[in-house]
Amino acid sequence: MEKSIKKSGNLKASPQGRLGGAVVCIIGVGLIGGSMALALKEKGIAKKVIGVGRSAASIAKAIELGIIDEALPLEEAVKQSDFIYVSIPVDATIQVMLQIMDLINDKQIVVDAGSTKFALCDALKDHPMRKQFVATHPMWGTEYSGPEAAVNGAFAGRACVICEKENSDSGALQTVENIYKAVNMHLVYMDAANHDIHAAYISHISHITSFALANTVLEKEKEEDAIFEMAGGGFESTVRLAKSNPAMWAPIFMQNKENVLDVLNEHISQLRKFKASLEKENMDYLIELMENANKIKRILK
């Protein structure tokens, strides 16, 4: 491990295998980027965190909260950093990543945390510094956004998907693997296209459903006080994702449009089955649909 980490800049391993000593650049200091900055500081991996962001208010808040140590323009921040972590809306990621890849040398590592992977990996596939990039998706998030949403211990026990590992330098890959393991994530490997398919099934459709349910309730239930008073834990947990940031999620849906449409069509088909069972007062079919849904207990404990 020592040899592979030394290939990747100043990310060193102690005799106990502890990573540390890195200057880290966080591009996008919100929920994911901010939480990663906190984790890297807590684990002693980052000796300094530089923040890059579009909003002066967000950058100021990130400094105030101790998420980053200073803020710099992108080019200056990248040139000073060993490890560059990109966590911005996916419609901006490709352009920003191309800028970054033109700036780095073969001692630096670039990682992204986006919810879609195919478009980005395809855009970078022929870049001469492609090997210094590791495509990742830490499978954690909340409905909140901004530096205030960043939390300690965010990634513990969660999965992180690493895509196209064969296209990354072995030393860069091992360093990134060690970092995610250090923040207590377990690793899953897949190609970018399959990642986007599965993300549509388990993440993107959940958000669309939550947005749609919220709109349904707001349209049909005009008494806001009644919603507030009567909404129980089940409704709240189902609809909480509707509070998610549209500026982040609309680009995800559009970039993964084909897969999202596929799963959305299936979801609509399932809703129609429930509708038909009620219209025809078919209790047996209604129970059958729900019993089939109960099989998810085999996966979700």
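Residues numbered from 1 in each chain as written. Predicted model: local features only at pLDDT ≥ 70, side-chain atom pairs only at ≥ 80, totals over all residues. Heavy atoms only, no water.

**What about the confidence of the model for the protein chain?**
Thinking step 1. For the protein chain, per-residue confidence averages 91 on the pLDDT scale, and 90% of positions sit at 70 or higher.
Thinking step 2. Considering only residues more than four positions removed or in separate chains, one finds that residues 1–9, a stretch of pLDDT under 50, has 28 contacts.
Thinking step 3. In the predicted structure, residues 13–18 sits below a pLDDT of 50 and forms nine contacts with residues beyond four places in sequence or in another chain. (pLDDT = per-residue confidence, 0-100. Contact = heavy atoms within 4.5 Å.)

**With respect to the pairing of strand S9 (residues 159–163)**
Thinking step 1. Burial within S9 is extensive, with five of its five residues counted as buried.
Thinking step 2. Judged by which residues are buried, S9 turns out to be covered on both faces: Ala159, Val161 and Cys163 on one side and Cys160 and Ile162 on the other are all buried.
Thinking step 3. As judged from the four bridges shared by strand S8 (residues 133–138) and S9, these two strands associate in the antiparallel manner. When the sheet's bridge partners are listed, His137 is paired in S9 with Val161. (Buried < 20%, exposed > 50% of the residue type's maximum accessible area, 1.4 Å probe, protein only. Helix = DSSP H or I, 4+ residues; strand = E, 2+ residues; numbered from the N terminus. Pairing = 2+ DSSP bridges.)

**Digging into the sheet that holds strand S10 (residues 186–190)**
Thinking step 1. With mixed pairing, eight strands are arranged side by side in an open sheet as S5-S4-S3-S6-S7-S8-S9-S10. The sheet terminates laterally at strand S5 (70–71) and S10, the two strands that pair on one side only.
Thinking step 2. In this structure, strand S4 (residues 46–52) lies alongside S5, joined through two bridges in parallel fashion. Within the sheet, the bridge partner assigned to Gly51 lies in S5 and is Ala71.

**What to know about the packing of helix H12 (residues 257–279) against helix H13 (residues 283–293)**
Thinking step 1. Put simply, H12 and H13 touch, their axes get as near as 8 Å, and they point 155° apart. One finds that H12 runs roughly antiparallel with respect to H13. In this structure, H12 meets H13 at a crossing whose hand is left-handed. Here Lys273, Phe274, Ser277 and Leu278 of H12 lie close against H13, whose contacting residues are Tyr285, Leu286, Leu289 and Met290. (Axes fitted to C-alpha atoms, helices over the stretch in contact; angles between N-to-C directions. Parallel < 35°, antiparallel > 145°, perpendicular 65-115°, else oblique. Left-handed = near helix turned anticlockwise from the far one by under 90°.)

**Some words on unusual backbone geometry**
Thinking step 1. For Glu164, which is not a glycine, the phi torsion comes out positive at approximately 55°.
Thinking step 2. The residue Glu164 is located in the loop between S9 and helix H7 (170–182) in this model.
Thinking step 3. Of the residues examined, Glu164 reaches a relative accessible area of 15% and is grouped as buried.
Thinking step 4. Backbone geometry at Glu281 places phi at a positive 50°, although glycine is not the residue there.
Thinking step 5. With respect to the helices and strands, Glu281 occurs in the loop between H12 and H13.

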